[in-house]
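Residue strings, one per chain:
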Amino acid sequence: MFANPMILFIQVMNSLSLAMNLFIIAAGLTLIFGVLRIVNFAHGAFYMVGAYVALSILRVTGDSNLGFLLGVLGAGALMGAMAFVVERGLLSRLYDKEHMLQLLFTFALVLVIKDLVKMIWGSGQYSIGAPPFLRGAVNLGISPYPKYALFLCVMGPIIAVAIWFFMERTRWGRILRAAREDRVMLNALGTDVKLVYSGVFVTGAALAAMGGALAAPRSAVDPGMDSLVIIDAFIIVIIGGLGSLLGSFVGALILGFLTVMGSIYLKEWVIVASYVMMVVILLVRPWGLFGKADEERH
Amino acid sequence: MTYRKAMKSCALALGTAVLATAAMAQDGPIKVGVILPMSGGGAYVGEGIYAGVDLAVKQVNEAGGVLGRPLQVLLRDEQLRPDVSTAAMRELITLEGVQHFIGPATSATSLANSQIAREEKVVNISPSAKTEALTAGDNLHDYIFQLAPTTDVDGVRTVEVLRGMGTESICFTGFDYAYTHDWFAAIRANMGDITEAGEFLVPMNATDFSATITQLLSSDCDTIVGTQYGGSFIAFVKQATPFGLFESKKVLWGSNTGDHAVAAALGAELPGGLWASAADVWYYEGEDSHAAYQQALAAHQGRKETDMWPITGYNAVKFLTAAIEAAGTTEPTAVAAALDGLTIQTPLGEITIDPETNRANSPEFYGRFEPQEGSDVARMTDLRLVR
Amino acid sequence: MTSRPQLIFLACLFLALLAVPFLGSRYLTELAVQVMIFSLLALSLNILVGHIGLVSFGHAAFFAIGGYATAFFLTRWQLPLAAAMPMAVLLAAAFALVIGVLCVRLKAIYFAMLTLAFSMLVWGIIIKWKPVTGGDDGFVGITLPGMLASPQSFYWFVLAVVGASTALMWLLSKSTMGQIFVAIRENETRASFLGVNVRQMQLIGFVLAALFAAIAGSLMAMYLRGMYPQSAFWTQSGHIVISVLLGGVHSFVGPILGASLLYLLEVTIHQYTQYWPLVMGLILLLVVLVLPEGLIELFRKLYARLGRK
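Residues numbered from 1 in each chain as written. Chains lettered and ligands numbered in written order. Predicted model: local features only at pLDDT ≥ 70, side-chain atom pairs only at ≥ 80, totals over all residues. Heavy atoms only, no water.

K.L.:
Lay out the pattern of salt bridges in plain terms, naming residues and giving numbers.
P.N.:
Under the defined criterion, the tally for this structure stands at 26 salt bridges over all chains. A:Glu268 is paired through a salt bridge with C:Lys128; the nearest N and O atoms lie 3.4 Å apart. In this pair, A:Glu268 sits in the loop between helix H10 (245–265) and helix H11 (270–284) while C:Lys128 sits in helix H5 (residues 108–128), so the two residues belong to two different chains. For the pair formed by A:Glu268 and C:Lys128, the shared burial category is buried. Residues joined in a network through salt bridges with shared partners are B:Arg90, B:Glu120, C:Arg26 and C:Glu30. (Salt bridge = Lys/Arg side-chain N within 4 Å of Asp/Glu carboxyl O. Helix = DSSP H or I, 4+ residues; strand = E, 2+ residues; numbered from the N terminus. Buried < 20%, exposed > 50% of the residue type's maximum accessible area, 1.4 Å probe, protein only.)

K.L.:
Before we move on, could you go through the interface of chain B and chain A and cite the residues and values that matter?
P.N.:
Frequently, the measure chosen for interface size is the accessible area that the parts lose on association. Contacts between chain B and chain A engage 30 residues on the former and 34 residues on the latter. Scanning the region where chain B abuts chain A turns up one salt bridge. The closest approach of N and O atoms between B:Asp208 and A:Arg218, which form a salt bridge, is 2.9 Å. Linking chain B with chain A are 12 residue pairs in polar contact (both at pLDDT 80 or more), by the criterion used here. (Contact = heavy atoms within 4.5 Å. Polar contact = N/O pair within 3.5 Å; in protein donor to acceptor, adjacent residues only side chain to side chain.)

K.L.:
Let's hear about the domain arrangement of chain B: which residues, and what values?
P.N.:
Residues and elements named next belong to chain B. Taken as a whole, chain B is organised into domain 1 (3–148 + 286–356) and domain 2 (152–278 + 365–386). Using C-alpha coordinates to define each centre, domain 1 is positioned 30 Å away from domain 2. Counting from both sides, the interface comprises 11 residues of domain 1 and, opposite them, 14 residues of domain 2. When domain 1 packs against domain 2, the two sides together hide about 1100 Å² of surface, and 55% of this comes from carbon and sulfur. (Domains from an automatic or database assignment. Buried area = accessible area lost by both parts, 1.4 Å probe.)

K.L.:
How would you explain the pairing of strand S6 (residues 169–175) of chain B if you had to name every residue and give the values?
P.N.:
Residues and elements named next belong to chain B. Counting buried residues along S6, seven of its seven residues qualify, which places the element largely inside the surrounding structure. Looking at chain direction, S6 and strand S8 (residues 223–226) are connected through four bridges and run parallel. Along S8, the bridge assignment pairs Thr173 with Gly226. (Pairing = 2+ DSSP bridges.)

K.L.:
So what about the nonpolar core? Which residues, and what values?
P.N.:
By size, the foremost hydrophobic cluster in this structure holds 244 residues, and its most contacted members are A:Leu36, A:Phe46, A:Leu214, C:Ile37, C:Leu219 and C:Met222. If one sorts the elements of this core by residue count, helix H10 (residues 198–224) of chain C sits on top with 18 residues. Setting aside chain neighbours within four positions, we find A:Phe46 in contact with A:Asn40, A:Met79, A:Leu109, A:Ile113, A:Phe201, A:Ala205, A:Ala208 and A:Ala209. Counting residues in each nonpolar core, the second largest holds 110 residues, with B:Trp183, B:Leu270, B:Leu274 and B:Ala279 among its members. (Core = buried A, V, L, I, M, F, W, Y, C linked by side-chain atoms within 4.5 Å.)

Written out as structure tokens, the structure reads:
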């Protein structure tokens, strides 16, 4: 099938752009998973809210490059603000309670958010176009390729590096890492763990929403969009290792290539492939590719 | 409808309305169970069908109801889950005593509910499911009626359109599920000398189509036939457009993507030249009855540019009321018998339910999307109402 | 929570359920059937969550396997119920044995994820294995044995099966094995020092949980006259976990309360508003914040107050 190297090249590009699209969506999930140890069912709902907010902003600003930028940032800001209220007002009461309660909480959140979205924006489908300067295709020498897909290929690493820089090179990042390693110790040292937790939840939610806005030009904005994407995001975070940014990045690459190449060679059976991969990786490395084999290991 | 005829039916309606009031007090309303997807990704279908049901019920009730009794709709959310849709149906039967059902919307949920209809002996009109299986072989029974054209019918009609497009070879693409397989099989059975250059399916709920798009581009076909629906169709279009897929190939899409809602969602992003089908389009100007219906629907929904789904619910109610009227009773076995071979006037002309197959000969529109002067939203041109 | 009030509760519940068919409402009878099946499913998961302390996110897989296998044996092979149902349950237990061996090596969240991965694999196979499962349309049209065709007789059958299963699970939780389970939950290291083969016990618990889930699946398939792929999807697994958490994990009857409330809420809110997810979500939020130990807490407080009088 790949007698033609140009087609192979395009399929590799397709894999990469899908991988980066998925990574952008999964980044926030990894962050919350890693630090708060919360399986955030509501991640998909946050992602959906982001796309809808961007849609509304674009309606006001009109279809322009600046409008798109405002849409993405606005989605992150608004979702972040809502997440702050939810975290401070409700979720924070559950930190010292049974761990699984937080799961129940995010499940309830999904129901509420999805219905509110339906009330505000209705049940129809909408579409957000790529910003004007990213429409159409660009010639890569071997073949033309959609500009927006290339843009996602660039955005993925940028977001990854930005989070990495924040985590590894800033004071806040150090506190976050400490929170991940040992909450009690952090508390004893006097750092306000509450603030750290708020910050992580807000950042994770904002990332999800920006992911929704960024993914919108390659998808539809509709009430089912969250459920389609949440499983992929979970697979990435799980195979990459809980809370490992690098793991999620690699996990996204694996899933991206598996989805694209799998759909060529395995055809429809690719549906099983991602779960087989997940099982195999977890059997060999239960804590994920880049996760730390911490005290919860066997 | 002529003026005299209209006056006559008005007078008749008034008369029955007067008579009805007394009867109503004794019998109460006729309950109609309506089971549709009202949440999640399928909600736009459910809300559309429900709008048509609601409009028809309003019209029927304003005209004095059926057998002097008004219709009362009991709506349930099927959530696109057969276990939920069957549970809802049984709840309506056992708790509310409902004997007449419209819905569910999709093939999987319709198949499941039809089994309950058979067992409980209640009338079940399926407004939108296209699967052959619903009324074929062992699944066919006296109480299930399928209004939407099935995939076999679609196959014949599609090949006609393909010939008109000058198609010589096809590539197939779409979700890996029953509708796709059935429709493609029907096209293959009818396409004669048109050749097939490949089939590229993706799993249900896939969100990325770039691999398939690349395969389609490099395939040796002049026309692409696809089945992604709703939001997934929008995603396909947005991913395929920058690749230039719609410039290098002719495209015909199933899943009723000729729906105005799809065009409205995509706006200027909808590729010109796309062939599609729809159960209804608001801008069709063929029949007076259609104009009257669209006017009523526009008033009901508060917008002129309505979607295609309402007509399916509208016709379902009209069939049900006509059958109850003809049977002279709401007793389900009699109503089901009355539906056999019943012909009614619909906004799109006469439609008959075949007494053998329990399928209606509903027409559908086929056309080619082209951008409109002075509007962002494309419309189908070369519009034909295929019967 | 101590045994006595729970036993009293179970006995009262059983007596109440005995009376249901005599109320003359077919709706109530069928509703009770569904609530019983979902309660059994939640109870089965609680063997893992509450007793052993392992949270499975793939429990729906065994529910679905039980259901599909029953459907297949009854309808395609035309086997009598007395053969079809035990075979389906054993098949699910066999799957659980294989999957369990691999899963119980892991702990906590890693265990949860591996079970999730396996269950999604089962779901993928159900979707693709069309000749046997019916694919995405589901397995439609199960031939029920004639003696179960009427809602009344089906009710008695479900009550008998669920009642017996519940009794077995109760006895299990009070048995030596049940105590070993709890010992593992409380402190795995200490349990293994005391000579308990932790892995083996966890595996036994995993298989038992799957077995009872398969019984629930089998009943559900017969009630629905079909089995559908959504029953194996991760959302269904999540639903079971939610039921258990809602009721409260550290008691026997908690999951019954949780599953019943969740299902009754779903059904009744549906009847009043299209916006059922919102209402449902708000109620769940309230429960989480006010009753963090689950509904069982309410029950416990009530009992304590009654006891004082």
